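# Geometric and topological summary
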Amino acid sequence: MTSLMENRIEQAELLTDRVELRRQVEFTVSATPVIDIHTHVFSPEFDGMFLHGIDELLTYHYLIAETFRSTDLLPERFWGMTRTQRADLVWRTLFVENTPLSEAACGVVSVLRAFGLDPRSPDLDDARAFFRSQDLHQHLDRVLAIAGASDLVMTNDPFNVREVLLWSDVTNPDHRFHASLRLDGLLNDWPQAVQTLGRRGLRVGTEPSGPTVSKLRRFLDEWVARMKPLYMAVSLPPEFNFPDDDVRDLLIREVVLPTARDHALALALMIGVRRGVNPALRAAGDGMGRADIGALDRLCAENPDVRFLATVLSRENQHQLCVSARKFNNLMPFGCWWFLNNPSIVSEITRERLELLGTSFIPQHSDACVLEQLIYKWRHARVIIAASLYETYDRLLQSGRAVTRREIVRDVTRMFSGNFRAWVGLQQTPCGTADHTLESP
Ligand code: RAT
Ligand code: ZN
């Protein structure tokens, strides 16, 4: 009897009308809180590293690269300017003298509109006055609420002198901000790492042998204890290989993977960045290349007891990453990274992932460096994710199986937070998502 009734209720809830289906998907995707699993936003306790406001937004390296395409200014002149002068130049070049069509420029427009500011303003006076007048903590709450982000993961670098100093003062960071232990400093420039560690009194040999490995294991243990990271992470060049006969391979095998096992920490691999292609542009001068996904396959196959998160920077690698994830259930694809974070490519990748992996992936991370970028990165991402998901449900409907609203909520929650929580063992806290309720429009 009960199951008959349940069946009837379930039938009544089936979304068989396409217009209603689209409405429900769009609503659910826009209202479901997300865990932003990779950002460069710091919590306010990290004094000087918590970036926010219009000048930081405009001097984002994505926009700096674009500014150089529309001005003859030499990089050294640009770097000789103050932050305010740089922001003025970017505004004039990309927003006044040109139409802000690129994704990064359009993002600034979305942020300004979210606060009722004029994106056609000839100067930054009003925007600066607005951001100056905000109470920082209220502003943070407001931005997170608009972005619908319940939690953020920072990028925390134990090789960054400035950050290391701050960690000794940060005792009680905002509970919505979580750490990730970034290993670029260890894995991507070993000679430099030897020097940095030496300056901190940790003498390690240039050829990492037994004693050096023990010291490095202790070094990471200490940082794990201090940061309590949700995962460890490294960005890698397109040439990354596994196995390999270089120092990085040895460090991964002897130091990083044992640390991952000991602390039950996932390892995030971000593959495909070619640093300093044009060094004169500094952070704006990084490029990319196609990676060998076979290396990732071999890493996952050799280490079935370690969970890997992976994102790859080349569009050409995306399909193969999905196929690898079908082979290895210790591999979680995440995000549309950096140069991929454009609507056309996010749409393609998200549809490809839904088709190959169902909901067993993490569709996006923001990579935001400046607080308010969370607004546009998530607003824009949600529009594309909703469209891709609607298309997928619609195909299912045409095949003969409708979904219910409850199933949509379950699916979106899994992709926006559930997969990540399960992967890194992050419990739901009572305060984490209290503000977000899924009331139908
Ligand atoms: O995506 C970016 O904004 C890059 O500048 C990097 O931060 C990259 O995401 C990284 O984490 O190395
Ligand atoms: Zn990043």
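Within every chain, residues take consecutive numbers counted from 1 along the sequence as written. Chains carry letters from A onward and ligands carry numbers from 1 onward, assigned in written order. Since the coordinates come from a predicted model, pLDDT governs what is reported: local features require at least 70, and pairs of side-chain atoms require 80 or more to be given and counted, while whole-chain, interface and lining totals use all residues. Computation of side-chain values covers all heavy atoms of the structure but excludes hydrogens and water.

Using a grid of 1 Å spacing that covers the protein atoms alone, one calls a set of points a cavity when a 1.4 Å probe fits there but cannot get out, and a pocket when the set is open and has protein on both sides within 12 Å along at least five of seven lines; lining residues are those with an atom within 4 Å of a point. Grid points are joined across faces, edges and corners, and a volume is the space filled by probe spheres set on the points. Within the structure shown, the criterion is met by one cavity of 30 Å³ or more. Space inside the largest cavity adds up to approximately 50 Å³. Surrounding the largest cavity, E103, N341, N342, P343, V346, K377, H380, A381 and I384 form its lining. Residue assignment for the lining of the largest cavity shows that the elements contributing at least two residues are α17 (343-357) and α18 (373-399). Each helix is a run of DSSP H or I of at least 4 residues and each strand a run of E of at least 2, with the numbering of both proceeding from the N terminus. A total of four residues in the lining of the largest cavity trace back to one element, the largest contributor, which is α18.

Turning our attention to the packing of helix α13 (residues 210-227) against helix α14 (residues 247-263). Axis definition: a line fitted to C-alpha atoms, over the contacting stretch in the case of helices. Angles run 0 to 180 degrees between N-to-C directions. Between α13 and α14, the shortest axis-to-axis distance is 10 Å and the interhelical angle comes to 40 degrees. Regarding the angle of α13 to α14, the classification is oblique. Crossing of α13 over α14 shows right-handed handedness. Facing α13, whose interface residues are V213, L216, R217, L220, D221 and V224, α14 presents L250, L251, E254, V255, P258, T259, D262 and H263. Three residue categories are used. Nonpolar comprises Ala, Val, Leu, Ile, Met, Phe, Trp, Tyr, Cys and Pro, charged comprises Asp, Glu, Lys and Arg, and polar comprises the others, including Gly. Considering only residue class, the contact of α13 with α14 consists of eight nonpolar, two polar and four charged. Should an angle lie under 35 degrees it is considered roughly parallel, over 145 roughly antiparallel, and from 65 to 115 roughly perpendicular; all remaining angles are considered oblique. Crossings are assigned a handedness: left-handed for a near helix turned anticlockwise from the far helix by less than a right angle, right-handed for a clockwise turn. Here a residue-residue contact requires only that any non-hydrogen atoms of the pair lie within 4.5 Å.

As used here, the term nonpolar core means buried Ala, Val, Leu, Ile, Met, Phe, Trp, Tyr and Cys residues forming a set that is joined through side-chain atoms within 4.5 Å. Whether a residue is buried, partly exposed or exposed follows from its accessible area with a 1.4 Å probe, protein chains only, as a fraction of its type maximum: under 20%, in between, or over 50%, in that order. With 147 residues, the main nonpolar core has L58, L186, Y231, L309 and F420 as its most contacted residues. Sorting elements by how many residues they give to this core places α18 first, with 11 residues. Residue contacts for L309: discarding those within four places in its chain leaves I37, Y231, A266, L267, A268, L269, M332, F334, I362, F420 and W423. Counting residues in each nonpolar core, the second largest holds six residues, with C336, L340, I345 and I384 among its members.

Turning next to the site of ligand 1. When we say a residue is near a molecule or strand, we mean one of its heavy atoms is within 4 Å of it. Around ligand 1, the neighbouring residues are H38, H40, H61, Y62, R182, M270, R275, W337, W338 and D367. In the model, an oxygen atom of ligand 1 is placed 2.8 Å from a nitrogen or oxygen of the H40 side chain. Starting from 300 Å² of accessible surface for ligand 1 in isolation, the protein chains cover 92%. For ligand 1, the cavity whose grid points lie within 2 Å of the majority of its atoms is the largest pocket. Its residues assigned to classes, the shell around ligand 1 comprises four nonpolar, three polar and three charged. N or O atoms within 3.5 Å of each other form a polar contact, as long as, within protein, one can give a hydrogen and the other can take it, and as long as residues adjacent in sequence are counted only when both atoms are side-chain atoms. Using the Shrake-Rupley algorithm and a 1.4 Å probe, accessible areas are obtained, with residue cover drawn only from the displayed protein chains. Cavity and pocket membership follows a simple rule, namely that a molecule belongs there if more than half of its atoms are within 2 Å of the grid points.

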